[in-house]
Amino acid sequence: MIRLYSIPPSLYSAKVRIVLRAKGLAFEDIQPPGGYGSDAYREIVPSGTLPAIEHDGFLLVESEAINEYLNELVPEPALLPRDMGQRAQARALSRFHDTRLEPAVRALFAHVDPDRRDTDFVAGQALVIADRLAQLERMANPSPLLTGETLSLADCGYPITLTFLEMLNRPMDLGVVLPDAVAAYFEALKREPSIAWELDSYRPALAAWVGSVTGTPA
Ligand SMILES: N[C@@H](CCC(=O)N[C@@H](CS)C(=O)NCC(=O)O)C(=O)O
């Protein structure tokens, strides 16, 4: 049994759960004692960060490393292409999510509460996000997923970040429109069973978080 340390709105924990489910792995979802960064949690996970997994006494943090580990732990279904170049490209697209698109969306979190919102910053950040999405459209050629017909590690962060964006777009007046290819890709992601499963529980958790910050239902 794998233990996953996570909290409900944690985007990178959702990215790991998609792989756990795609691999058919049983797991126990545990909230960090005292919250992430607490002394109690650091005694278990020295970095104090989420997500973390514990498997047969082996502890690992960082969603990319965790997902690569799970992909090797259970080889089928393979979540990376056989071809070396395509495999490298899948990793590049996953890192584009983690280092370019997601941080641009995450920068909005401090402004979700209307009482603490800097509208100029939010308007500027909406442009950055639109630029990142346009970059993604130029880099990727989803058919319908990033490496073809079947789910790969490249795909696992995008459905969560795009769901965040979808949920914040209207209440924060972002006016971000997904480029056509990215919108079609998002729809294909939602049809993927392990992603649909994750989104079923993730959406309410996200809505609850947005509602708790804004004081209104999202
Ligand atoms: N690069 C990390 C990002 C995960 C992340 O941002 N986790 C947040 C919680 S959702 C966290 O642990 N923050 C505490 C910290 O950065 O010290 C990954 O891919 O796992």
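Since this is a predicted model, take the numbers as computed values, not measurements. (Residues numbered from 1 in each chain as written. Predicted model: local features only at pLDDT ≥ 70, side-chain atom pairs only at ≥ 80, totals over all residues. Heavy atoms only, no water.)

1. Thoughts on the packing of aromatic side chains
Logical step 1: A full pass over the atoms with the stated rule returns seven aromatic pairs.
Logical step 2: Arranged with centres 4.8 Å apart and planes meeting at 25 degrees, the rings of Phe109 and Phe164 form a pair that is stacked. Of this pair, Phe109 sits in the loop between helix H4 (84-106) and helix H5 (119-139) while Phe164 sits in helix H6 (residues 158-169), and the two are 55 residues apart along the sequence.
Logical step 3: Judged by relative accessible area, which is 2%, Phe164 ranks as buried.
Logical step 4: Taken together, the ring pairs in this structure connect Phe109, Phe164, Tyr202 and Trp209 into an aromatic cluster.
Logical step 5: The ring of Phe186 carries Lys190 above its face, with NZ or CZ at 4.2 Å from the centroid. (Phe/Tyr/Trp six-rings, centres within 6.5 Å; stacked < 30°, edge-to-face > 60°. Helix = DSSP H or I, 4+ residues; strand = E, 2+ residues; numbered from the N terminus. Buried < 20%, exposed > 50% of the residue type's maximum accessible area, 1.4 Å probe, protein only. Lys NZ or Arg CZ within 6 Å of the ring centre and 35° of its normal.)

2. Comments concerning the domain arrangement of the protein chain
Logical step 1: Domains assigned within the protein chain are domain 1 (2-73) and domain 2 (84-214).
Logical step 2: Here the C-alpha centre of domain 2 lies 21 Å away from the C-alpha centre of domain 1.
Logical step 3: Contacts between the two partners involve 17 residues from domain 1, matched on the other side by 22 residues from domain 2.
Logical step 4: Overall, the association of domain 1 and domain 2 removes approximately 1,700 Å² of surface from exposure, summing both partners, and the carbon and sulfur fraction of that is 62%.
Logical step 5: For domain 1, the biggest contributors to the area lost against domain 2 are Leu11, Ile18 and Arg21; these three give 38% of the whole.
Logical step 6: Connecting domain 1 to domain 2 are five salt bridges.
Logical step 7: The residue Arg91 makes a salt bridge to Glu68 at a minimum N-O spacing of 2.8 Å.
Logical step 8: Applying the counting criterion to the domain 1 and domain 2 interface returns nine residue pairs in polar contact (both at pLDDT 80 or more).
Logical step 9: Only helix H1 (11-22) and helix H3 (63-73) provide two or more residues apiece to the side of domain 1 that touches domain 2.
Logical step 10: At nine residues, the largest contribution of residues to the side of domain 1 that touches domain 2 is made by H1.
Logical step 11: Residue composition of the side of domain 1 that touches domain 2, by class: eight nonpolar, four polar and five charged. (Domains from an automatic or database assignment. Contact = heavy atoms within 4.5 Å. Buried area = accessible area lost by both parts, 1.4 Å probe. Salt bridge = Lys/Arg side-chain N within 4 Å of Asp/Glu carboxyl O. Polar contact = N/O pair within 3.5 Å; in protein donor to acceptor, adjacent residues only side chain to side chain. Nonpolar A, V, L, I, M, F, W, Y, C, P; charged D, E, K, R; others polar.)

3. Description of H4
Logical step 1: The first and last C-alpha atoms of H4 sit 32 Å apart over 23 residues, in line with the 33 Å expected at 1.5 Å per residue.
Logical step 2: Of all the bends in H4, the greatest, near 35 degrees, is centred on His97.
Logical step 3: On its buried face, H4 sits against H1, H3, H5 and H6.
Logical step 4: You can read the cap of H4 off the contacts: a side-chain oxygen lies 3.1 Å from the backbone nitrogen of Gly85, and it is on Asp83. (Expected span 1.5 Å × (residues − 1). Bend = angle between axes of the 7 residues up to and from the residue.)

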